[in-house]
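Structure assessment
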Amino acid sequence: MKKYLIIIFLSLSFVFHAKAGGIGIGLSAMYNLQTESFGAGFRLNLKPSSTFRLIPQVAYYPSFNKIHEYYAGLGLELNIFKIKSYSFYLLAHGAYNGWLNVETSLMKDAQYGNWASEGGAGIVKNTGCWRPFSEFRYNGNWKETNFRIGIMYVFGGCNKRGVGNNGGGRKKRSAMHCPAYN
């Protein structure tokens, strides 16, 4: 099952990238309040400077936590407002959840494979190559809250001096003027 999820994840990422005109990759650190668990995440950010973004992502909570699990899914982000170079957004995320130490659970119907949904909000610096972000999420299936902080690198998000070009897209080219043809 893991192989199929990885293949689907990568395929969707590259298909959407071709249409998106930009891509970002990011890492995040996570903390789940209810399970008191620390984890790490990896994401692709398709159309990193647009109002609506697709975010394929995976997350892993290692075995030293009470709950040892992973998530693989797709998130949607919608910018709701902007202050200077920071965007505030709402998010929705659906994922497959693999609960690796399910046998330790006292829950009656606990199982290895589950589907999970999350909603939340975040903030991201929306200019430059390196874009820090922070998110608050609520998992409706498990009634859990988690926080994420991370950094994303946006390809094409900088000019030659490393300064953001206000959106990560291509820079406008000024028309070349040749005196011989005037």
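Throughout what follows, the structure given in this document is the object of discussion. All of these numbers come straight from a predicted model, not from anything done at the bench.

How each quantity is defined
- Residues numbered from 1 in each chain as written.
- Predicted model: local features only at pLDDT ≥ 70, side-chain atom pairs only at ≥ 80, totals over all residues.
- Heavy atoms only, no water.
- Helix = DSSP H or I, 4+ residues; strand = E, 2+ residues; numbered from the N terminus.
- Buried < 20%, exposed > 50% of the residue type's maximum accessible area, 1.4 Å probe, protein only.
- Contact = heavy atoms within 4.5 Å.
- Areas by Shrake-Rupley, 256 points an atom, 1.4 Å probe, with all protein chains shown as cover.
- Pairing = 2+ DSSP bridges.
- Axes fitted to C-alpha atoms, helices over the stretch in contact; angles between N-to-C directions.
- Phe/Tyr/Trp six-rings, centres within 6.5 Å; stacked < 30°, edge-to-face > 60°.
- Polar contact = N/O pair within 3.5 Å; in protein donor to acceptor, adjacent residues only side chain to side chain.

1. Considering the overall build of the protein chain
In terms of regular secondary structure, the protein chain is built from 1 helix and 8 strands. Ordered by position from the N terminus, the helices and strands of the protein chain form the series α-β-β-β-β-β-β-β-β. Expressed as a percentage of its 182 residues, the buried residues of the protein chain come to 43%. A fraction of 49% describes how many contacts in the protein chain between residues 6 or more apart in sequence connect residues 24 or more apart. Here the protein chain displays about 11000 Å² of accessible surface, and carbon together with sulfur accounts for 65% of that area.

2. What about the environment of I55?
By the secondary structure assignment, I55 is in strand β3 (residues 52–61). In this structure the C-alpha to C-alpha distance between I55 and N45, which are 10 residues apart in sequence, comes to 4.9 Å. In this structure I55 touches R43, L44, N45, G73, L74, G75 and E77, once residues within four positions along its chain are discounted.

3. Considerations on the pairing of strand β7 (residues 130–139)
Burial along β7 is one-sided: R131, F133, E135, R137 and N139 are buried, and none of W130, P132, S134, F136 and Y138, which face the opposite way, are. Bridge count between strand β6 (residues 113–125) and β7: 7 bridges; the pairing is antiparallel. When the sheet's bridge partners are listed, E118 is paired in β7 with N139. Here 10 bridges tie β7 to strand β8 (residues 144–155), and the two strands are oriented antiparallel to one another.

4. Description of the sheet that holds β8
Spatial strand order, β1-β2-β3-β4-β5-β6-β7-β8: 8 strands in a closed barrel with antiparallel pairing. Between one strand axis and the next, the sheet turns through 25° on average, direction left out of account. In the sheet, strand β1 (residues 23–32) pairs with strand β2 (residues 37–46) via 10 bridges, with the strands oriented antiparallel. Pairing of G24 across the sheet is with N45, part of β2.

5. Looking at the packing of aromatic side chains
Counted according to the given criterion, the structure contains 8 aromatic pairs. Geometrically, the ring pair formed by Y70 and Y96 is tilted, given 6.3 Å between the ring centres and 50° between the ring planes. Of this pair, Y70 sits in strand β4 (residues 69–83) while Y96 is found in strand β5 (residues 86–99), placing the two residues 26 residues apart along the sequence. Look at Y96 and you get buried, because its relative accessible area is 7%. With centroids separated by 6.0 Å and ring planes inclined at 70°, the aromatic side chains of W99 and W142 adopt a geometry described as edge-to-face. Here W142 lies in the loop between β7 and β8 and W99 lies in strand β5, a separation of 43 residues in the sequence. Using a relative accessible area of 6% as the deciding quantity, one classes W99 as buried. Given the relative accessible area of 25%, W142 is considered partly exposed.

6. Some remarks on the environment of N65
Within the secondary structure layout, N65 lies in the loop between β3 and β4. For the pair N65 and T35, spaced 30 residues apart in sequence, the C-alpha to C-alpha distance is 8.0 Å. In terms of polar contacts, N65 uses its side chain to reach the backbone carbonyl oxygen of F38, at 2.7 Å.

7. Looking at the side chain of S37
Topologically, S37 is positioned in strand β2. For S37, a relative accessible area of 1% translates into the label buried. Polar side-chain contacts of S37 include one of 2.8 Å to the side chain of T35. For S37, the residues in contact, after removing those within four places along its chain, are M30, Y31, N32, Y61, N65, K66 and I67.

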